[in-house]
Amino acid sequence: MSIVVGRITPITTTISPQFHRPSPTAILPLPLRKTHTSLHCSNSSFLNPIRLSPVTRPTTRKPTSIQMSMEAGVGLMGTKLGMMTYFEPTGKVVPVTVIGFREGNVVTQVKTDETDGYNAVQIGYRRVRDKKLTKPEMGHLEKSGVIPLRHLQEFRLPSVDGFEPNQKLVLEELFKEGDLVDVSGTTIGKGFQGGIKRHNFKRGPMTHGSKSHRALGSIGAGTTPGRVYKGKKMPGQMGGTKTKIRKLKIVKIDTDLRVVMIKGAVPGKPGNLIRIAPAKIVGKNIPKN
C-alpha cells in the first residue's frame, strides 16, 4: 500500500463590491411607542442612518370633579295622582296636576366636600317592607336610623347647613302657593313608533297614485356626503325617558289631603314617581356664571 503525500496550494480570490451597503448596526430601529418624531436626512448620502428626535407633549390631568347640576334648593318626591280642573276665586278655569305624598321625604344622608367631594342632601321616599330592599340598602338606611324607603335621590346644594340625617321635610315649609317649581319624571312609554308620531312629520298624499303615505322618505344624499348624518330623526323607541318640565306654578296646597296642585301637565302616568324642586331662575337663585 502506497501513501501519496502532496501540498495544497490555497487559492485566493478578490471580489470587488459593486454596491455599498451600510452596516446593519448603523440603522436605528423605529420606536414602538406612540410618540411624535421628526426625521432628519443628510443631503450627502441617502443611505446615511436616520436620526430620531422624540417630541414629548406635556400631559395635563383633568381634575376629578363631580359633574352634577346644582339645585336652587332642596325639594321633595311625590306620586302623581292625575289631572283635574281647578276653579280660581275669580272663576278662571285652570288645568292642574294633583301630586300626593306618601310616607317618606326623610333625609337619609348629608354629603359634604370633606367626605364626598361635593355638598348634597339625599332624600328617601315611600316606605316599604324590609324584605323589599337588599342588605346593602338596609345597611345604608340603618346607619342613619331611617325607616326602609324605596326611592333615594340627591339634591346638590351650595351649602348643607341645617340638614341632618333622619330629618323630616315638611311641604309647607319648602313651598307655598304661587311658587315656580321644576318637575321631573319618567314619560309614558310608547314603544317603537314611526316618524309621524315620534317627530310630527307630515305624511304623503293618500291619492293620485302616490305610493308614499307614511314612509320616512330620503335620509340623505348619495355621493356627497354618502352617509347619514348623526342625529337624523328616524323611527325608534318613543317615551320612557326622564324629562323635566321647568317653571310650573303651584296653584293650591291642601294640607288636609296632603296634595299639591301644579298648573299644567307633568311627565308620567298616575302612580309614577315625581321629583319637585324649586325652579332655577338665573340671577335670582342661580348665579349668572
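All residue numbers refer to positions counted from 1 along the written sequence of the respective chain. Only residues with pLDDT of 70 or above have their local features reported here, since the model is predicted, and side-chain atom pairs are shown and tallied only from 80 upward, although totals for entire chains, interfaces and linings are computed over all residues. Water and hydrogen atoms play no part in the side-chain values, which are based on all heavy atoms of the structure.

Chemist: I keep staring at the nonpolar core and nothing clicks. Help me out?
Modeler: Generally speaking, soluble globular proteins have nonpolar side chains that are buried together. Of all hydrophobic cores here, the largest spans 26 residues; its most connected members are Ile123, Phe175, Val181, Val260, Ile262 and Ile276. Elements with a minimum of two residues in this core: β3 (76-87), β6 (120-127), β8 (180-186), β11 (242-254), β12 (259-263) and β13 (273-278). Pairs of residues are marked as contacts when any of their non-hydrogen atoms sit within 4.5 Å. Those residues in contact with Ile262 that sit more than four places away from it in its chain are Pro95, Val96, Thr97, Ile99, Val181, Val183, Leu248, Lys249, Ile250 and Ile276. Among buried residues, the Ala, Val, Leu, Ile, Met, Phe, Trp, Tyr and Cys ones that are joined through side-chain atoms within 4.5 Å form a nonpolar core. Under the scheme applied here, a residue whose accessible area is under 20% of the maximum for its type counts as buried, over 50% as exposed, and between as partly exposed, the area being computed with a 1.4 Å probe on protein chains only. Put simply, DSSP marks the helices as runs of H or I at least four residues long and the strands as runs of E at least two long, and each gets a number from the N terminus on.

Chemist: I tried to follow the packing of aromatic side chains on my own but got confused; where do I start?
Modeler: The way to describe two aromatic rings as a pair is by their centre distance and the angle between their planes. Any Phe, Tyr or Trp ring, taking Trp's six-membered ring, that has another such ring centre within 6.5 Å forms a pair; planes under 30 degrees apart are called stacked, those over 60 apart edge-to-face, and the others tilted. Inspection of the entire model under this criterion finds 0 aromatic pairs. The criterion is that NZ of a Lys, or CZ of an Arg, lies within 6 Å of the ring centre and within 35 degrees of the ring normal, and then a charge sits over that ring. When the ring centre of Phe155 is taken as reference, the NZ or CZ atom of Arg275 above it lies at 3.9 Å.

Chemist: Would you mind going over the confidence of the model for the chain with me for this structure?
Modeler: Detailed reading of the predicted coordinates is not advisable wherever pLDDT falls low. Averaged over every residue, the pLDDT of the chain is 83; the share at 70 or more is 76%. Confidence of the prediction at every residue is given by pLDDT, a number between 0 and 100. Predicted confidence for residues 11-15 stays below pLDDT 50, and this span has 0 contacts to residues more than four positions away or in other chains. Under a pLDDT of 50 for its full length, residues 24-28 has, in the predicted model, 2 contacts with residues more than four places off or in other chains.

Chemist: For this particular structure, what's the right way to read the sheet that holds β12?
Modeler: Paired through their backbone hydrogen bonds, the strands of a sheet run either parallel or antiparallel. Pairing in this closed barrel of 6 strands is antiparallel, and the strands run β3-β4-β12-β11-β8-β13 around the ring. In this sheet, adjacent strand axes meet at a mean angle of 50° when their direction is disregarded. Two elements, strand β4 (residues 93-100) and β12, share 5 bridges in a ladder whose sense is antiparallel. Across the sheet, residue Val98 finds its bridge partner in β12, namely Met261. Two strands pair under a simple rule: DSSP has to find at least two bridges between them. Orientation is described by axes fitted as lines to C-alpha atoms, over the contacting stretch for helices, and by angles from 0 to 180 degrees between their N-to-C directions.

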